[in-house]
Amino acid sequence: MLLLDIMSKKICNEVYIIAEIGQNHQGCPETAKRMILEAKKAGCHCVKFQKSDLAAKFTSSALNRKYVSDHAWGSTYGQHKEYLEFSKEVYHLLQDYSREIGIDFTASAMDERSLEFLADLRVPFIKIGSGDANNFPLLTKAASLQIPLVISTGMQTMSTVDKIVEIMSESRNEMYALMHCISAYPTPPTDCNLGLISVLMRRFPNVTIGYSGHELGVSITKAAVLMGARIVERHFTLDKNQKGSDHRCSLEPAEMCSLVRGIDQFRHNKYLLNANYTVEEIIKMLGGGDELRAALSEVENKDILECELPCRFKLGKSIVAARDLDKGHKIQVSDLTIKVSEPSGISAETYFDIIGMQLTRSVNQDEPIIENVLTS
Ligand SMILES: CC(=O)N[C@H](C=O)[C@@H](O)[C@H](O)[C@H](O)COP(=O)(O)O
Ligand SMILES: C=C(OP(=O)(O)O)C(=O)O
């Protein structure tokens with residue numbers, strides 16, 4: 001399989017292209033099938049969906065919160081997500097269809113139950129989206145399955161990325177890739193920070209680095225490939241003007257075709273055998289202008305950007321009580337779970353730091369753990 005050959009560095013002159021259907025199917029299996037066919041026709045290697053078990057991914061108060069948006073498919077966030085979530089039967093049907101037409105099929109696992117479901121489905125790899133890049137228990141479990149993983153790094157700091165790499169190496173899982181990603185929809189060119197692709201490649205020389213882009217158009221993604229990204233993921237849509245949060249920053253079939261053709265051109269010209277192009281060379285190769293220059297500006301370190309805060313606030317994961325916990329209780333691993341919570345609690349990346357701390361008051365099951373209920 002191409003992705004595994006890229007991850008094991010057997011092949012250096014190829015890029016694995018993922019069409020992220022995500023929730024752009026509008027909750028309709030027939031539309032999803034049409035999108036799979038269009039992605040195949042465009043030359044993508046893989047179609048990807050997003051799998052959630054809503055009660056495992058969200059606290060009940062996060063599911064019950066009002067969702068007031070032109071993109072809402074229900075009056076609460078839970079109803080909205082329920083409308084967009086495909087059943088296991090539909091997953092089987094879409095997987096069969098993808099197999100029939102010859103395109104890889106997978107999804108992101110947005111909680112542990114979905115991870116188990118995707119492992120049972122025997123997908124070729126599992127995606128861990130940016131929202132779960134700091135969900136260390138999920139990552140640990142995913143790494144132990146010995147299934148290839150593609151892990152996005154949007155709205156996270158470099159120390160979280162370091163921890164991901166540590167978890168993978170502790171699990172002796174070498175079949176994984178890290179995706180540079182900025183979680184802003186659409187991402188302005190100045191925030192694309194493509195320089196981080198080189199930073200990640202230098203810091204983790206044995207890990208395949210990819211790019212999951214949310215900007216408009218295709219030239220910044222092509223530049224990401226010239227920087228060294230060997231897996232590319234872009235949201236895919238049949239029509240950008242449809243209702244739904246992701247359509248605008250998605251690629252329609254003609255744009256996806258042009259991205260695939262552009263990358264093919266790089267391959268034919270053997271451009272992919274080199275990942276040391278200067279910014280000026282890349283701008284010249286792509287005939288680019290100011291937006292490309294802005295996207296390519298040098299970056300020293302990886303931090304959470306201001307443009308990512310709305311996404312982190314809406315979909316970032318918090319530490320939540322897995323069961324009712326009494327005042328004075330000393331926190332153990334089995335007391336905690338990681339969910340999108342409303343209101344949010346302390347951020348998921350502090351999970352290991354709070355083990356052994358004591359509660360200053362009782363906390364109910366499904367309630368977020370907040371800073372002032374903890375004492376050492
Ligand atoms: C961070 C993350 O999961 N981001 C995903 C992948 O990029 C998105 O597709 C979200 O699911 C989507 O933007 C959510 O939109 P709404 O909140 O309208 O369902
Ligand atoms: C959130 C996801 O991806 P990314 O963080 O790469 O946008 C996903 O794949 O579900």
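Positions within a chain are numbered from 1, following the residues in the order the chain's sequence is written. Ligands are numbered from 1 and chains lettered from A, in the order in which they are written. Confidence filtering applies because this is a predicted model: local features only for residues at pLDDT of at least 70, side-chain atom pairs given and counted only at 80 or more, and all residues used for totals across whole chains, interfaces and linings. For the side-chain quantities, the full set of heavy atoms in the structure was used; hydrogens and water were omitted.

**With respect to the confidence of the model for the protein**
Part 1 of the argument: Chain-level statistics for the protein give a pLDDT mean of 97 and a share of 100% at 70 or above.
Part 2 of the argument: Per the prediction output, this complex has pTM 0.97; the corresponding ipTM is 0.99. Confidence scores per residue from the predictor, reported as pLDDT, run from 0 to 100.

**Things to note about the site of ligand 1**
Part 1 of the argument: Around ligand 1 there are 16 residues in total, and Tyr77, Tyr185, Ser245, Asp246 and Lys314 lie nearest to it.
Part 2 of the argument: Within the side chain of Gln23, an N or O atom sits 2.7 Å from an oxygen atom of ligand 1.
Part 3 of the argument: In this structure, an oxygen atom belonging to ligand 1 sits 2.8 Å away from a side-chain N or O atom of Gln50.
Part 4 of the argument: In these tables, accessible area is a Shrake-Rupley quantity obtained with a 1.4 Å probe, and a residue counts as shielded only by the protein chains included in the view. Its free accessible area being 480 Å², ligand 1 has 93% of it covered by the protein chains.
Part 5 of the argument: The helix and strand labels rest on DSSP assignments: H or I over at least four residues marks a helix, E over at least two residues marks a strand, and numbering proceeds from the N terminus. Contributing elements (two or more residues each) for the shell around ligand 1: helix H5 (77-84) and helix H15 (309-315). We call a residue near a molecule or strand as soon as one heavy atom of that residue lies within 4 Å of the molecule or strand. What qualifies as a polar contact is a pair of N or O atoms within 3.5 Å, subject to a donor-acceptor requirement within protein and to the restriction that residues adjacent in sequence count only when both atoms come from side chains.

**Some remarks on the pattern of salt bridges**
Part 1 of the argument: A pair is scored as a salt bridge if a Lys or Arg side-chain nitrogen falls within 4 Å of a carboxyl oxygen belonging to Asp or Glu. In total, this model carries 21 salt bridges according to the counting rule given.
Part 2 of the argument: Of the charged contacts in the structure, one is a salt bridge between Glu349 and Arg312, with a shortest N-O distance of 3.2 Å. With Glu349 in the loop between strand S10 (336-339) and strand S11 (358-359) and Arg312 in helix H15, the pair connects residues that are 37 residues apart, well separated along the chain.
Part 3 of the argument: You can call Glu349 partly exposed: its relative accessible area is 24%.
Part 4 of the argument: A salt bridge links Asp335 to Arg323; the nearest nitrogen and oxygen atoms lie 2.7 Å apart. Of this pair, Asp335 sits in the loop between strand S9 (318-321) and S10 while Arg323 sits in the loop between S9 and S10; the two residues are 12 residues apart in sequence, bridging distant segments of the chain.
Part 5 of the argument: For every residue, the accessible area (1.4 Å probe, protein chains only) is compared with the maximum for its type, and the residue is labelled buried under 20%, exposed over 50%, or partly exposed between those bounds. On the basis of relative accessibility, which here comes to 0%, the residue Asp335 falls in the buried class.
Part 6 of the argument: For Arg323, a relative accessible area of 37% gives the class partly exposed.

**Some thoughts on unusual backbone geometry**
Part 1 of the argument: Across the junction of Tyr185 and Pro186, the peptide omega takes the value -5 degrees, indicating a cis bond.
Part 2 of the argument: When you line up the elements, Pro186 lands in the loop between strand S6 (176-181) and helix H10 (195-203).
Part 3 of the argument: A cis amide bond links Glu342 to the next residue, Pro343, at an omega of -5 degrees.
Part 4 of the argument: Here Pro343 shows up in the loop between S10 and S11.
Part 5 of the argument: For Arg172, which is not glycine, the phi dihedral falls at a positive 55 degrees.
Part 6 of the argument: Here Arg172 lies in the loop between helix H9 (158-170) and S6.
Part 7 of the argument: Residue Arg172 is classed as exposed on the basis of its relative accessible area of 70%.
Part 8 of the argument: Of note in this structure, Lys270 is not a glycine but carries a positive phi near 60 degrees.

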